Amino acid sequence: MDAFQNIQSNQIGNQHSKIQRWIEVWDYSSDAIYRGFVAEHNKERTLFVFFEDRALEHGLKSGLIALFELADIATFGCSQIVACVIRSQRTDEMELVRSLGWCGFNLTTLTPWVPCGNQGSCLSNKWLFLVAEV
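The present account deals with the structure reproduced in this document. (Residues numbered from 1 in each chain as written. Predicted model: local features only at pLDDT ≥ 70, side-chain atom pairs only at ≥ 80, totals over all residues. Heavy atoms only, no water.)

1. Here's the deal with the overall build of the protein
Inference 1: The secondary structure content of the protein amounts to four helices and six strands.
Inference 2: In sequence order, the secondary structure elements of the protein are arranged as α-β-β-β-α-α-β-α-β-β.
Inference 3: For the protein, the residues scored as buried account for 40% of the 134 residues in total.
Inference 4: Pairs at least 24 residues apart make up 61% of the contacts formed inside the protein by residues separated by at least 6 positions. (Helix = DSSP H or I, 4+ residues; strand = E, 2+ residues; numbered from the N terminus. Buried < 20%, exposed > 50% of the residue type's maximum accessible area, 1.4 Å probe, protein only. Contact = heavy atoms within 4.5 Å.)

2. Structural notes on the pattern of salt bridges
Inference 1: Using the criterion set out here, one finds three salt bridges in the structure.
Inference 2: The shortest N-O distance in the salt bridge between Glu 24 and Arg 35 comes to 2.6 Å. In this pair, Glu 24 sits in strand β1 (residues 19-27) while Arg 35 sits in strand β2 (residues 32-41), placing the two residues 11 residues apart along the sequence.
Inference 3: The class of Glu 24 is partly exposed, set by a relative accessible area of 44%. (Salt bridge = Lys/Arg side-chain N within 4 Å of Asp/Glu carboxyl O.)

3. Some points on helix α3 (residues 61-72)
Inference 1: Helix length check: α3, at 12 residues, gives a terminal C-alpha distance of 17 Å against a target of 16 Å (1.5 Å per residue), a fit within 8%.
Inference 2: Along α3, the positions that sit buried rather than exposed are Gly 63, Leu 64, Leu 67 and Ala 71. Each buried residue of α3 sits inside an arc of 95 degrees when the element is viewed along its axis, so together they form one side. For α3, exposure combined with an orientation more than 90 degrees from the buried face picks out Lys 61, Glu 69 and Asp 72. (Expected span 1.5 Å × (residues − 1). Arc of directions from axis to C-beta.)

4. Focus on the packing of aromatic side chains
Aromatic rings in a pair are described by how distant their centres are and how their planes are angled relative to each other.
Inference 1: Per the counting criterion, the structure on display carries six aromatic pairs.
Inference 2: Pairing Phe 37 with Phe 50 gives two aromatic rings, centres 6.1 Å apart and planes at 40 degrees, and the pair type is tilted. Of this pair, Phe 37 sits in strand β2 while Phe 50 sits in strand β3 (residues 44-51); the two residues are 13 residues apart in sequence, bridging distant segments of the chain. You'll find Phe 37 and Phe 50 in the same group, each marked buried.
Inference 3: Aromatic ring contacts, followed pair by pair, group Trp 22, Phe 37, Phe 48, Phe 50 and Trp 127 into a single cluster. (Phe/Tyr/Trp six-rings, centres within 6.5 Å; stacked < 30°, edge-to-face > 60°.)

5. Here we look at the sheet that holds β3
Inference 1: On the basis of which strands lie adjacent, the open sheet formed by six strands has the order β1-β2-β3-β4-β6-β5 and mixed pairing. At either end of the open sheet lies a strand with only one pairing partner, and these are β1 and β5 (106-108). Taken pair by pair, the neighbouring strands of this sheet meet at an average axis angle of 30 degrees, ignoring direction. (Pairing = 2+ DSSP bridges. Axes fitted to C-alpha atoms, helices over the stretch in contact; angles between N-to-C directions.)

Listed below in structure tokens is the structure:
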């Protein structure tokens, strides 16, 4: 997912926002797989979820409901979800961004999770980041 290298390199020598848990959710009803992790910053947890190519083909409703419920359980205790969508010029992938917008997601950067003074890595050439409150 490329997130491990970015986050690991930012963690050397500091305690900024460590990954708390890794997740993999299989939505059998729509044949979709969601992978991600929980990161903590200032005692606030966020569930980062990577949406695979062609996520819209699978249908989002049941998967998103499950992800919001999972983020809210005590084990994870997340206050927000960050959807990571592959950057593309393809119309179907841009439709995913629009669909997530209808579900309460807004574009964001990684600024809250990047150590001060290292603001150059808040954007990704590979991923778009969208955030929603749980």
